[in-house]
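So you can see what is in the structure, the chains are spelled out below.
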Amino acid sequence: MTGNESEPARRVQLLGLRPGMARSAVAGAVAAAGEPAYRTDQVMEWMYVRRARSFDVMTNVPLPLRERMDEEFSLRPADRSFEGRSTDGTIKHLWRLADGEEVESVLIPTPGRITLCLSSQVGCALGCRFCATGDFGFRRQLDTGEIVGQFRDADRIARTAYERPIGNLVYMGMGEPLANQDAVFDSLEIIHAGFGLGARRITVSTVGLIPGILALAELPQPFKLAVSLHAPNHELRLSLVPIERRYPIDDLFAAIDEYQGRKGRRVTFEYTLIDGVNDAEDTARELVGLLGRRLVFVNLIPWNPIPSRDWKASPASAVRRFLSVLTDAGVPAAIRTPRGQDIAAACGQLRLERGLSGAAASGVAPNPDPE
Ligand code: SAH
Ligand code: SF4
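Only a predicted model underlies this, so the values are computations on that prediction, with no experimental measurement involved.

1. What to know about helix H11 (residues 316-328)
With 13 residues, H11 extends 18 Å between its outermost C-alpha atoms, agreeing within 8% with the 18 Å of an ideal straight helix rising 1.5 Å per residue. All of the buried residues in H11 are Ala-318, Val-319, Phe-322, Leu-323, Val-325 and Leu-326. All buried residues of H11 lie within an arc of 155° about the axis, which places them on one face of the element. Across H11 from its buried face, at more than 90 degrees, point the exposed residues Arg-320 and Asp-328. The elements touched by buried residues of H11 are strand S12 (267-273), helix H10 (281-291), strand S13 (296-302) and strand S14 (333-335). Following H11 by one or two positions, Gly-330 adopts a phi angle in the positive range, close to 85°.

In structure tokens form, the structure reads like this:
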């Protein structure tokens, strides 16, 4: 006896399978239960359209088949362990994974649409100097089901909280998506082809991992690319983003040009503005020189201070000046207002701070997951 023969085999995480594979897996269970083939359609609809989190709720499916599927498959890669609601409508969640690790996602309402920002890794190995997730370090990769689960569960919550579904998805939470390429690419396919979110509504944000950018360019669907740039030249970028040593800015732009050549799509650049570090007018002009002839959009993000650095966010006047250098030169750009700051939900603050003050202020207690 090894002591664990009686343990049930690990259930297959159905949310982590590409739609065709999930369908075959369900069809196998349907056939084994001696049920007609249309049962497979019913289960797929429960999973992708009605966002079911368990087989129990699939009440038009016979109970023995539900029980069989429950033994073989799981629809719950994570459970909600915390919810914080900001006074500006932003809702941050922590998701507890099967091994006890936690990741965050943030729902951000803007006029006309709801955006979900989700995590692709527990922590991040790339150590950008201004980023709280970088400080946190790398714990592990998320698997496909754990990434898709954030989308599925946040979408259920969005439909109740805002009475509308998620309309935009950005991979800008914890982690570097292109350092977890296989799971992230599978999740893109599942959220797009399974859950039906348009590829143009999904943005993968990267600090500049060239092989991943080239792989994204090869995908048939027009998923959008955002590149976190933060500096217009090698020296300055290297002082902020260590991966610049491995993938220097010139090579990075060759990869971006390749992506654009294939997709013909606008690339978004994220540029975090830090007082006296990368926010000078000359630096803005250098950025114009770099981006000038390309099809781009620049998001300027006033830096959210983190405890380990004694930098300051650029003052509003410097942010406006930086913006006008870009826009005067015809480079489309906007200032991205930080959201959910009272619950530590803003960009780069995703480091498992529970944001208790904000949650308490808006009267939201951690609550268990609904089915
Ligand atoms: N690893 C990916 C995606 C996650 S980070 C990437 O780097 O693109 C999401 C965005 O938040 C990036 O643009 C990142 O540069 C930005 N960011 C990180 N820390 C920040 C901070 N403290 N203040 C403002 N933006 C920050
Ligand atoms: Fe990782 Fe992105 Fe943070 Fe850099 S900015 S440490 S790549 S999460």
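2. Notes on the site of ligand 2
Within the structure, ligand 2 sits among Cys-124, Leu-126, Gly-127, Cys-128, Cys-131, Gly-134, Gly-175, Glu-176 and Val-207. A breakdown of the residues in the shell around ligand 2 according to their chemical character gives five nonpolar, three polar and one charged.

3. Regarding the pattern of salt bridges
Summed over all chains, the structure comprises 27 salt bridges. Where Arg-96 meets Glu-102, a salt bridge forms, and the shortest distance between an N and an O atom there is 3.5 Å. Salt-bridge contacts for Glu-101 lead to Arg-139; the nearest nitrogen and oxygen are separated by 2.9 Å. Of the two residues, Glu-101 is situated in the loop between strand S4 (91-97) and strand S5 (102-110) and Arg-139 in strand S8 (residues 138-141); the sequence distance between them amounts to 38 residues. The class for Arg-139 is partly exposed, based on a relative accessible area of 48%. What emerges from the salt-bridge pattern is a single network uniting Arg-53, Arg-76, Asp-79, Arg-152 and Asp-153.

4. Brief notes about the sheet that holds strand S11 (residues 224-228)
Strand order in the open sheet made by the 10 strands is S3-S4-S5-S6-S9-S10-S11-S12-S13-S14, with mixed pairing throughout. Each end of this open sheet is capped by a strand with a single partner; those strands are strand S3 (78-85) and S14. Put simply, the sheet's adjacent strands are angled 20° from each other on average, direction ignored. Pairing of S11 with S12 involves three bridges; the strand directions are parallel. Its bridge partner being in S12, Ala-226 is matched across the sheet by Thr-268. H11 rests against S12, S13 and S14 of the sheet, and its axis sits at about 165° to S14.

5. Points about the domain arrangement of the protein chain
Taken domain by domain, the protein chain holds domain 1 (12-74) and domain 2 (78-366). Between the C-alpha centres of domain 1 and domain 2 there is a distance of 34 Å. Tallying the contact residues gives 11 residues for domain 1 and 19 residues for domain 2. Taking both sides of the interface into account, the surface hidden between domain 1 and domain 2 amounts to around 1,300 Å²; carbon and sulfur atoms contribute 54%. Broken down residue by residue, the surface that domain 1 buries against domain 2 is led by Leu-15, Arg-51 and Arg-53, which jointly contribute 55%. Where domain 1 touches domain 2, the interface holds five salt bridges.

6. Digging into the environment of Gly-137
Relative to the assigned elements, Gly-137 resides in the loop between helix H4 (132-136) and S8. For the pair Gly-137 and Ala-125, spaced 12 residues apart in sequence, the C-alpha to C-alpha distance is 5.4 Å. Among residues more than four places away in sequence, those in contact with Gly-137 are Val-122, Gly-123 and Cys-124.

7. Observations regarding the site of ligand 1
In the region of ligand 1, 19 residues are neighbours, and Phe-130, Ser-205, Ser-228, His-230 and Asn-304 sit closest. His-230 has a polar side-chain atom sitting 2.8 Å from an oxygen atom of ligand 1. Trp-303 places a polar side-chain atom, nitrogen or oxygen, 3.2 Å from a nitrogen atom of ligand 1. For ligand 1, whose free accessible area comes to 520 Å², the fraction covered by protein is 96%.

8. Details of the packing of H10 against H11
It is at 9 Å that the axes of H10 and H11 come closest, and there the two elements cross at 30°. In terms of axis orientation, H10 runs roughly parallel to H11. H10 and H11 meet at a crossing whose hand is right-handed. Each of Glu-281, Thr-283, Ala-284, Arg-285, Leu-287 and Val-288 in H10 lies in contact with H11, whose residues at this interface are Arg-321, Phe-322, Val-325 and Leu-326. Class assignment of the residues belonging to the contact of H10 with H11 gives a composition of six nonpolar, one polar and three charged.

What counts and what doesn't
Residues numbered from 1 in each chain as written. Chains lettered and ligands numbered in written order. Predicted model: local features only at pLDDT ≥ 70, side-chain atom pairs only at ≥ 80, totals over all residues. Heavy atoms only, no water. Helix = DSSP H or I, 4+ residues; strand = E, 2+ residues; numbered from the N terminus. Expected span 1.5 Å × (residues − 1). Buried < 20%, exposed > 50% of the residue type's maximum accessible area, 1.4 Å probe, protein only. Arc of directions from axis to C-beta. Contact = heavy atoms within 4.5 Å. Near = heavy atom within 4 Å. Nonpolar A, V, L, I, M, F, W, Y, C, P; charged D, E, K, R; others polar. Salt bridge = Lys/Arg side-chain N within 4 Å of Asp/Glu carboxyl O. Pairing = 2+ DSSP bridges. Axes fitted to C-alpha atoms, helices over the stretch in contact; angles between N-to-C directions. Domains from an automatic or database assignment. Buried area = accessible area lost by both parts, 1.4 Å probe. Polar contact = N/O pair within 3.5 Å; in protein donor to acceptor, adjacent residues only side chain to side chain. Areas by Shrake-Rupley, 256 points an atom, 1.4 Å probe, with all protein chains shown as cover. Parallel < 35°, antiparallel > 145°, perpendicular 65-115°, else oblique. Left-handed = near helix turned anticlockwise from the far one by under 90°.

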